[in-house]
Amino acid sequence: MGEQSGLPGFGRAEGDFSRVDVHRLVQALQGVLPAASVLHDPEDLRPYECDGMAALRQMPLVVVLPETEAQVVAILKICAGQGVPVVARGAGTGLSGGAQPHRFGVVLSLARLRRIIAIDAHARRAVVQPGVRNLAISEAAAPHGLYYAPDPSSQIACTIGGNVAENSGGVHCLKYGLTIHNLLKVRGVTINGDIVEFGSLGLDAPGYDLLPLVTGSEGMLAVVTEVTVKLTPKPQLAQCVLAAFDDVVKAGDAVARIIAAGIIPAGLEMMDQPATAAVEEFVHAGYPLDAKAILLCESDGTPEEVSEEIGRVRALLEEAGATEVRVSRDEAERLRFWAGRKAAFPAAGRISPDYYCMDGTIPRKRLGEMLQAIQAMEKKYAMRCINVFHAGDGNLHPLILFDANKPGDQHTAEAFGAEILELSVALGGTITGEHGVGIEKINQMCSQFATSEIAAFHRIKAAFDPAGLLNPGKAIPTLNRCAEYGRERMGASRPAAHPDLPRF
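Per-chain numbering applies: the sequence of each chain, read as written, is numbered from 1 onward. Under the rules for a predicted model, residues below a pLDDT of 70 receive no local features and side-chain atom pairs below 80 are neither given nor counted, while totals for whole chains, interfaces and linings still include all residues. With hydrogens and water set aside, each side-chain value is computed from the structure's full complement of heavy atoms.

Caption draft 1: Fine view of unusual backbone geometry. Although it is not a glycine, Arg-124 sits at a positive phi angle of roughly 55 degrees. Residue Arg-124 is classed as partly exposed on the basis of its relative accessible area of 43%. The phi angle at Ala-382 is positive, at roughly 55 degrees, despite the residue not being glycine. Counting from the N terminus, the helices are the DSSP runs of H or I reaching at least four residues and the strands are the DSSP runs of E reaching at least two. By the secondary structure assignment, Ala-382 is in the loop between helix H15 (367-381) and strand S18 (385-390). Exposure categories follow from relative accessible area, calculated using a 1.4 Å probe and restricted to protein chains: below 20% of the type maximum is buried, above 50% is exposed, and the middle band is partly exposed. Judged by relative accessible area, Ala-382 falls into the exposed class, the value being 68%.

So, in structure tokens, the structure goes:
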């Protein structure tokens, strides 16, 4: 959009990047890193060609594996000096193509920055490097009776740096918040090699509050090198209620009733019948297979708090028309209930050659309406879709089942997903809850935001990265792209799918 806004670095053609001198770049990088930490042979680059959105693949020119912040600074200075795009990467579990390489760029892997620097049990905080796994923080804090609350389904593998980039949530985000609500400070490096810090150890930081800006910025403003997170005391008791419904609209109404009653459960999840069937065959969680939808509602705290809240929740579920209500009898059963929900993605992989995981957010009261609309879309696109929801905050994860080996199937799945996102906006929601925009949803940004808002996003990006080298082509569409997408939507009978590769 450079020709429309006057911003440097934007709207430049991909060919501008193609003039990178690979030999000179590799030599410079090997000057600041061991040779084994600079990968440039095709067979070494292959594992980095995509993130969790495996349908989109692109080989980078080089992959670098720094072990210190100083090396990250040196790498970014070299890339800035030579005009080379940089894509920061954690564990590669992201589902929106946010860590897909640039074909004329460098992938900066933070996998080797995996040290837990300090745990302060009294202040309830931990200082960690970006390559530390989400679950590893809780494991390290456990001896102190503490844990790190955000728990995305990929927490066994995903890293805290990636969680910051995407503002990840998880099944317990309703009560304990997203990544942003569990951060104190983020340290990072700009494209020019300047070290910057966002947030503070206190309740407030001087100047503008930029911590929320960098959290969820998808690696477009700075490369994260250190994160200070809040730790939460482990609750004395946790119990999970499983409720079955004979109608998805009733299940959606139950969610609205619980929130309207002023109850904020530790977790409130919803699954439709196809999802429970897929999961039950996989993990044997004990889900009722005749239910059209199930809700999982967890309460935690002291035994007295849990008992009181469970009683209120049970009454509300029965009033909403639940055909069955079960309360976990022990910790093993509670974990089994949640194991089913967290296994939804691999369960989908067992029943279909491929699946496309969507991520949108809608008002809670419209969950039933969205599920009914998705059922109609299944007929329209002749594809199955299983649905899991962070129902408490309206974050939906439809899993569209398809076979990439069948001609046209992938494009149809993408069009199906695009229609779900467009409907999310129409229902008063957003195109993403926690997976980020990346490449996947960049077209739908044009539906979510006005031209003036997108131009403002570009100005923020330019303030940190004037040359547009950090993760280019992601998250923020150009104004030309939005105009083109608008024409496609006007002339198409269904929403256009995203292209195989981003346009720059």
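Caption draft 2: Expanded view of the pairing of strand S4 (residues 106-109). Covered by surrounding structure in S4 are Val-106 and Leu-108 together with Val-107 and Ser-109, the residues of both alternating faces. When DSSP locates at least two bridges between a pair of strands, those strands are taken to pair. Examined bridge by bridge, strand S2 (residues 62-64) and S4 share 3 bridges and lie parallel to one another. By the bridge assignment, Val-63 is partnered in S4 with Val-107. As paired elements, strand S3 (residues 86-89) and S4 share 4 bridges and run parallel to each other. Within the sheet, the bridge partner assigned to Arg-89 lies in S4 and is Ser-109.

Caption draft 3: Representation of the pairing of strand S10 (residues 223-230). In terms of residue burial, S10 counts as a mostly covered element, since 6 of its 8 residues are buried. When strand S6 (residues 125-128) meets S10, the two strands line up antiparallel, connected through 4 bridges. Directly across from Val-128, in S10, lies its bridge partner Val-227. For strand S8 (residues 183-189) and S10, the ladder comprises 6 bridges, and the chain directions are antiparallel. Note that in S10 the partner of Leu-183 across the bridge is Val-229.

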